[in-house]
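Spelled out, the chains give:
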Amino acid sequence: MPQVSRSAARRGGPDPAPYRLVARRGSAEWSDPATTRVVRVGGVAVGGERPVVVAGPCAVESREQTLAVARAVRDAGADMLRGGAYKPRTSPYDFQGLGRAGLEILAEARDETGLPIVTEVLDPRLVEETCAFADCLQIGARNMQNFPLLTEAGRSGKPVLLKRHWAATLSEWLCAAEYVAATGNLDVILCERGIRTFSHGEYNRNTLDLNVVPALRRETFLPVVVDPSHGTGVAYLVPPACAAAIGAGAHGLLIEVIEENLACPESLCDGTQSIRPSALAEVVRRARLTALQASECPTP
Ligand code: PEP
Ligand code: MN
């Protein structure tokens, strides 16, 4: 006998799947696990064979810093520029971002480098303003279950990069994606950014959950990227974690970067987990090589 919950029994049928628009299960179009929906951000395709690299500062701290990092990440081979204008900080006394001025700086960086912009939207009331500058709306880990924000971001029609909360199950994360999809917007990119485990603060900030990459690829047709910056919290761990993420089947990487010659890596936000452009260039080179080798030797 199939299990029928009390509420389902009242309706006279089995419980519906908690997410269905983003699931492979039940989809004629996406039942083949080798297929992925390609999400286009500016001119960049996320979800294809070529791994996409989104790189930039944690936060837009100044015009000079952002333009310098934007040029450096372009030269390192990245495809898109990231950077927070509105920052969700754990402490209210930490730098909260430059707000609209930060968005204007990002737009200037895009004009100069040609890199599409990924930036976080913090609040449903900021969706319209952020959309005027961004190519892709990032929804941060802390807001993964902010349902009004998911709906408003979905309605904007912009691609949405949805980060996983550090304590969210795969199902909770896909239900969050379903809120965006339910608005008719299927341009969702999932971003694993580390979960909290017992090693928090010992040698890392978070534990990068790479198991979830193949698990997601089995469960959904949405593209999956990995953020090893927040996923490890320590700059020297980022390059090996990037290689592992691509090896696990991620469609791309989201990486925090600081200026090459910044004397003190303590930038206003997440300096200790940010890598230098020279390290980024090596990460990009290795990611593209790994993906190329994998496409030449597909798993039987
Ligand atoms: C970020 O990308 O800068 C960020 C705040 O990430 P998360 O939401 O994953 O903590
Ligand atoms: Mn950050």
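Further up the page is the structure itself.
Residues numbered from 1 in each chain as written. Chains lettered and ligands numbered in written order. Predicted model: local features only at pLDDT ≥ 70, side-chain atom pairs only at ≥ 80, totals over all residues. Heavy atoms only, no water.

Chemist: Hey, could you run me through the pairing of strand β3 (residues 52–56) in this one?
Modeler: Each regular strand shows side chains that alternate between the opposite faces of the sheet. Buried residues dominate β3, accounting for 5 of its 5 residues. Neither face of β3 is left uncovered, since the one carrying V52, V54 and G56 and the one carrying V53 and A55 both have all their residues buried. One ladder, built from 5 bridges, connects β3 with strand β10 (residues 252–256); its direction is parallel. Bridge pairing in β10 places A55 opposite I255. The sheet contact formed by β3 and strand β4 (residues 80–82) spans 2 bridges and is parallel. Looking at β4, one finds that V54 is bridged to M80. Following the chain from β3 across helix α2 (residues 63–75) to the adjacent parallel β4, one finds a crossover that is right-handed. (Buried < 20%, exposed > 50% of the residue type's maximum accessible area, 1.4 Å probe, protein only. Helix = DSSP H or I, 4+ residues; strand = E, 2+ residues; numbered from the N terminus. Pairing = 2+ DSSP bridges. Right-handed = clockwise from strand over helix to strand, strands pointing away.)

Chemist: What is the right way to look at the pattern of salt bridges in this model?
Modeler: Considering all chains together, one arrives at 19 salt bridges under this definition. With a shortest N-O distance of 2.9 Å, D79 and R50 are connected by a salt bridge. Note that D79 is positioned in the loop between α2 and β4 and R50 in the loop between β2 (44–46) and β3, a separation of 29 residues in sequence. On the basis of relative accessibility, which here comes to 43%, the residue R50 falls in the partly exposed class. (Salt bridge = Lys/Arg side-chain N within 4 Å of Asp/Glu carboxyl O.)

Chemist: Before we go on, may I ask you to explain the packing of aromatic side chains in this structure?
Modeler: Each aromatic ring pair is described using two quantities: the centre-to-centre distance and the angle formed by the ring planes. Going through the model one piece at a time under the given rule, you end up with 2 aromatic pairs. An angle of 15° between the planes, with centres 4.8 Å apart, marks the rings of W30 and F221 as stacked. One end of the pair, W30, is in the loop between α1 (6–11) and β1 (39–41); the other, F221, is in the loop between α7 (212–219) and β9 (224–226), with 191 residues separating them in the sequence. For the pair shown, W30 and F221 are each scored as buried. (Phe/Tyr/Trp six-rings, centres within 6.5 Å; stacked < 30°, edge-to-face > 60°.)

Chemist: I would appreciate a short explanation of the coordination of the manganese ion (ligand 2) in the present structure.
Modeler: Tetrahedral metal sites with four donors have an ideal angle of 109.5 degrees; octahedral sites with six donors have ideal angles of 90 or 180 degrees. At the metal site, the manganese ion (ligand 2) is ligated by C58 (SG), H230 (NE2), E256 (OE) and D270 (OD), and these contacts range over 2.0 to 2.4 Å. Read in sequence order, the donor residues for the manganese ion (ligand 2) give the motif C-x171-H-x25-E-x13-D. Of this pair, H230 sits in helix α8 (residues 228–232) while E256 sits in strand β10, and the two are 26 residues apart along the sequence. You can call E256 buried: its relative accessible area is 0%. (Donors = N, O, S within 2.8 Å, 3.2 Å for Na, K, Ca; no water.)

Chemist: Is there a simple way to think about the nonpolar core in this case?
Modeler: Inside soluble globular proteins, nonpolar side chains tend to come together where they are buried. Ranked by internal contacts, the top residues of the largest apolar core, which has 69 residues, are V73, L162, L190, I255 and L280. The biggest single contributor to this core is helix α6 (residues 170–181), with 6 residues. By size, the runner-up hydrophobic cluster in this structure holds 14 residues, among which are V39, V44, V46 and V225. (Core = buried A, V, L, I, M, F, W, Y, C linked by side-chain atoms within 4.5 Å.)

Chemist: Any chance you could explain unusual backbone geometry here in plain terms?
Modeler: Across the chain, the bulk of peptide bonds are trans and the bulk of non-glycine residues have phi less than zero. Phi is positive for D270, which is not a glycine, with a value near 60°. Topologically, D270 is positioned in the loop between β10 and α10 (277–296).

Chemist: Looking at this structure, I do not really get the site of ligand 1. What am I missing?
Modeler: In the vicinity of ligand 1, the contacting residues are C58, R82, K87, E120, Q138, G140, A141, R142, K163, R193, H230 and E256. K163 places a polar side-chain atom, nitrogen or oxygen, 2.9 Å from an oxygen atom of ligand 1. One nitrogen or oxygen atom from the side chain of H230 is found 3.4 Å from an oxygen atom belonging to ligand 1. Starting from 300 Å² of accessible surface for ligand 1 in isolation, the protein chains cover 97%. The residue makeup of the shell around ligand 1, split by class, is 2 nonpolar, 3 polar and 7 charged. (Near = heavy atom within 4 Å. Polar contact = N/O pair within 3.5 Å; in protein donor to acceptor, adjacent residues only side chain to side chain. Areas by Shrake-Rupley, 256 points an atom, 1.4 Å probe, with all protein chains shown as cover. Nonpolar A, V, L, I, M, F, W, Y, C, P; charged D, E, K, R; others polar.)

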